[in-house]
Amino acid sequence: MIVFDRRILTHFDFLQPLLVVPIIVFSHILVSEASQMLANKQLVYFGVGFVAFCIFFIFPIRKLEWLIPSFYWLCIGLLIAVEIFGASRLGAQRWLEIPFVHFTIQPSEFMKPALLLMLAYLIKKRPPPEEGYGIKEFLRLSIYILLPFILIMKEPDLGTALVLLLVGYAVLFVIGVDKKIWITIFIAIGVCAPLIYENLHDYQKKRITDFLSEEPSYHVKQSIIAIGSGGLVGKPKDEATQTHFKFLPIATSDFIFAYNIERFGFFGALGVLGIYALLIFHLLSLNYILKKDFFTQVITTGLAILIFIYVGVNVSMTIGYAPVVGVPLPFFSYGGTSFITFMVLFGILQNLLTFRFDFTGKFLQIQK
């Protein structure tokens, strides 16, 4: 007979689902109003995401952490495969097509958990000294951050590449690196900025030009109109004309935050952002109880920074304060890849938190 070990309830972080589930429910309400077909597909994504969460929650990560380098290099291999024979869409080569089933995967999404796990593995093996990592160790860790950044940027997918770059170095900043190294990096970025701009693709330069111009792009204009029309408390479903008359582009995905304000106004926006703020703060606060558990600290910090970047970029994009890029709101924007990726990351984090005092990773006992 299989018996549930009640000790799991002691260390399971129940606050995480309490903050995430309302975002998911709110998202489904908005998507259902915009398109019932998409809402039905979203339910499938919810199911797959939940299964992915459960798999990584029960997977004995600490016991099998020696597999992490293999997983990282497998993801690097997939990114190289994209470069050689990847499938192209709208001028971007970001996908691999699985033979015979006509199903595509986007290896850059796999790289998010792979990078965080690899950094956690490396930092656990060589924890930082009191004064932080020196230049030698910093450069060694940078190789694992810059390699996927370069490969993803060449697809081209500058948005995802920059997210990985920022998350990777934000983790190192929190874990501890000599401050002289950071000062040198910031100076170098400032000096090299013109050269970096000149090597961008034309469509990337256009996004920056549109952002800097006095007149916002069509997408941003419609987003601002939807936001302004929402007022304090929003508009009834039938009066949300920007979305239902298709003026607001990609209303269920990239611009769902603008749709949310059109429907529920300033208070609706405040509610969503408030939940995200609580979630990010809660994740970062976990570092205070993790002490010298650098492995879990890396995952916790990386996930918090990842959510912060996604929310910050997406919201700034919808109000004209950032270039329009395909960065979704975690758990809120419609889409399967992003949702499943975040469910995997939360499954990994819950596993590390729940079993941090029991490295066997088992919570089921078999009694005869």
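Here, the structure is the one placed above.
The shown structure was predicted, so the numbers you read here are calculated from the model rather than taken from an experiment. (Residues numbered from 1 in each chain as written. Predicted model: local features only at pLDDT ≥ 70, side-chain atom pairs only at ≥ 80, totals over all residues. Heavy atoms only, no water.)

**Student:** Could you give an account of the overall build of the chain, naming the residues involved and the relevant values?
**Tutor:** Along its length, the chain carries 15 helices and 5 strands. Per-residue burial over the chain gives 50% buried out of 368 residues. Of the accessible surface of the chain, which amounts to about 18900 Å², a share of 71% is contributed by carbon and sulfur atoms. (Helix = DSSP H or I, 4+ residues; strand = E, 2+ residues; numbered from the N terminus. Buried < 20%, exposed > 50% of the residue type's maximum accessible area, 1.4 Å probe, protein only. Areas by Shrake-Rupley, 256 points an atom, 1.4 Å probe, with all protein chains shown as cover.)

**Student:** Please provide a residue-by-residue account of the layout of surface pockets, values included.
**Tutor:** Remark: the empty space left among the atoms is shown by a probe the size of a water molecule rolled over them. Estimates place the volume of the second largest pocket at around 240 Å³. Lining the second largest pocket are 14 residues, with Pro17, Val20, Val21, Phe53 and Met343 sitting closest to its centre. Among the elements that line the lining of the second largest pocket, the one with the most residues is helix 2 (residues 15-34), at 5 residues. (1 Å grid on protein atoms, 1.4 Å probe; cavity = no way out; pocket = protein on both sides within 12 Å on 5 of 7 lines; lining within 4 Å. Points joined across faces, edges and corners; volume = space filled by probe spheres on them.)

**Student:** Any chance you could break down the packing of helix 14 (residues 294-318) against helix 15 (residues 336-354) for me, citing the residues and the numbers?
**Tutor:** Packing of helix 14 against helix 15 brings their axes to within 10 Å, and their N-to-C directions diverge by 150°. Taken together, the axis directions place helix 14 and helix 15 in an arrangement best described as roughly antiparallel. In the packing of helix 14 onto helix 15, the handedness of the crossing is left-handed. Contacts from Phe295, Thr296, Ile299, Thr300, Leu303, Leu306, Ile307 and Tyr310 in helix 14 reach Phe342, Leu345, Phe346, Ile348, Leu349, Leu352 and Leu353 in helix 15. Residue classes in the contact of helix 14 with helix 15 are distributed as 13 nonpolar, 2 polar and no charged. (Axes fitted to C-alpha atoms, helices over the stretch in contact; angles between N-to-C directions. Parallel < 35°, antiparallel > 145°, perpendicular 65-115°, else oblique. Left-handed = near helix turned anticlockwise from the far one by under 90°. Contact = heavy atoms within 4.5 Å. Nonpolar A, V, L, I, M, F, W, Y, C, P; charged D, E, K, R; others polar.)

**Student:** For helix 7 (residues 158-175), give the residues involved together with the corresponding values.
**Tutor:** Counted at 1.5 Å a residue, the expected span for helix 7 with its 18 residues is 26 Å, and the 26 Å between its end C-alpha atoms agrees. Counting buried residues along helix 7, 13 of its 18 residues qualify, which places the element largely inside the surrounding structure. At the C-terminal side of helix 7, Gly176 shows a positive phi close to 130°. (Expected span 1.5 Å × (residues − 1).)

**Student:** Provide a residue-level description of the packing of helix 7 against helix 14, including the pertinent values.
**Tutor:** Running from amino to carboxyl end, helix 7 crosses helix 14 at an angle of 135°, the nearest separation of the two axes being 9 Å. Taken together, the axes of helix 7 and helix 14 are oblique relative to one another. Crossing of helix 7 over helix 14 shows right-handed handedness. Across the interface between the two elements, Val163, Leu166, Val167, Ala170, Val171, Val174 and Ile175 of helix 7 pack against Phe294, Gln297, Val298, Thr301, Gly302, Ile305, Leu306, Ile309 and Tyr310 of helix 14. The residue makeup of the contact of helix 7 with helix 14, split by class, is 13 nonpolar, 3 polar and no charged.

**Student:** Any chance you could break down the side chain of Thr160 for me, citing the residues and the numbers?
**Tutor:** Tracing the chain through its elements places Thr160 in helix 7. In contact with Thr160, not counting residues within four places along its chain, are Ser108, Lys112 and Ile152.

**Student:** For empty space enclosed by the protein, give the residues involved together with the corresponding values.
**Tutor:** Applying the stated criterion across every chain yields a total of 2 cavities of 30 Å³ or more. Forming the boundary of the largest cavity are Lys112, Leu115, Leu116, Leu164, Val167 and Leu306. Sorting the residues of the lining of the largest cavity by element identifies helix 5 (107-125) and helix 7 as the ones contributing at least two each. Of the residues forming the lining of the largest cavity, the biggest block, 3 residues, is contributed by helix 5. Of the residues belonging to the lining of the largest cavity, the class tally is 5 nonpolar, no polar and 1 charged. Size it by volume and the second largest cavity reaches roughly 30 Å³. Taken together, the residues of the lining of the second largest cavity break down into 4 nonpolar, 3 polar and no charged.

**Student:** I'd love a proper account of the environment of Leu286, names of residues and values included.
**Tutor:** Within the element layout of this structure, Leu286 appears in the loop between helix 12 (256-285) and helix 13 (287-290). According to the relative accessible area criterion, Leu286 is buried, its value standing at 8%. Residues Leu286 and Leu353, 67 residues apart in the sequence, show an inter-C-alpha distance of 9.3 Å. If sequence neighbours within four positions are ignored, Leu286 has contacts with Asp13, Gln16, Thr300 and Leu353.

**Student:** Please give an account of the environment of Thr300 that cites residues and values.
**Tutor:** With respect to the helices, strands and loops of the structure, Thr300 is situated in helix 14. According to the relative accessible area criterion, Thr300 is buried, its value standing at 0%. Note: C-alpha distance between Thr300 and Ile348 (48 residues apart in sequence) is 9.6 Å. Apart from the residues lying within four places of it in its own chain, the contact partners of Thr300 are Leu283, Leu286, Asn287, Leu290 and Leu349.

**Student:** Provide a residue-level description of the pattern of salt bridges, including the pertinent values.
**Tutor:** Applying the stated rule across the entire model yields 7 salt bridges. Close ionic contact of Arg263 with Glu33 constitutes a salt bridge, the shortest N to O distance being 2.7 Å. Of the two residues, Arg263 is situated in helix 12 and Glu33 in helix 2; the sequence distance between them amounts to 230 residues. Residue classification places Arg263 among the buried positions, given a relative accessible area of 11%. Glu33 sits in the buried class, given a relative accessible area of 16%. Taken together, the salt bridges that share partners define one network made up of Arg126, Glu137 and Arg140. (Salt bridge = Lys/Arg side-chain N within 4 Å of Asp/Glu carboxyl O.)

**Student:** Describe the packing of aromatic side chains, and please don't skip the residues or the numbers.
**Tutor:** Under the criterion given, the structure shown has 20 aromatic pairs. Measuring from ring centre to ring centre gives 5.7 Å for Phe331 and Phe339, while their planes differ by 90°; the resulting arrangement is edge-to-face. The two residues Phe331 and Phe339 agree in class, both being buried. Measuring from centroid to centroid gives 5.8 Å for Phe331 and Phe342, while their planes differ by 55°, and the two rings are tilted. Highlighted residues: Phe331 in the loop between helix 14 and helix 15 and Phe342 in helix 15, separated in sequence by 11 residues. Take Phe342: its relative accessible area is 2%, and that puts it in the buried class. Here the aromatic residues Phe46, Tyr310, Phe331, Phe339, Phe342 and Phe346 are joined through ring pairs into a cluster of three or more. Its end group placed over the ring of Phe264, Arg263 keeps NZ or CZ at 4.7 Å from the ring centre. (Phe/Tyr/Trp six-rings, centres within 6.5 Å; stacked < 30°, edge-to-face > 60°. Lys NZ or Arg CZ within 6 Å of the ring centre and 35° of its normal.)

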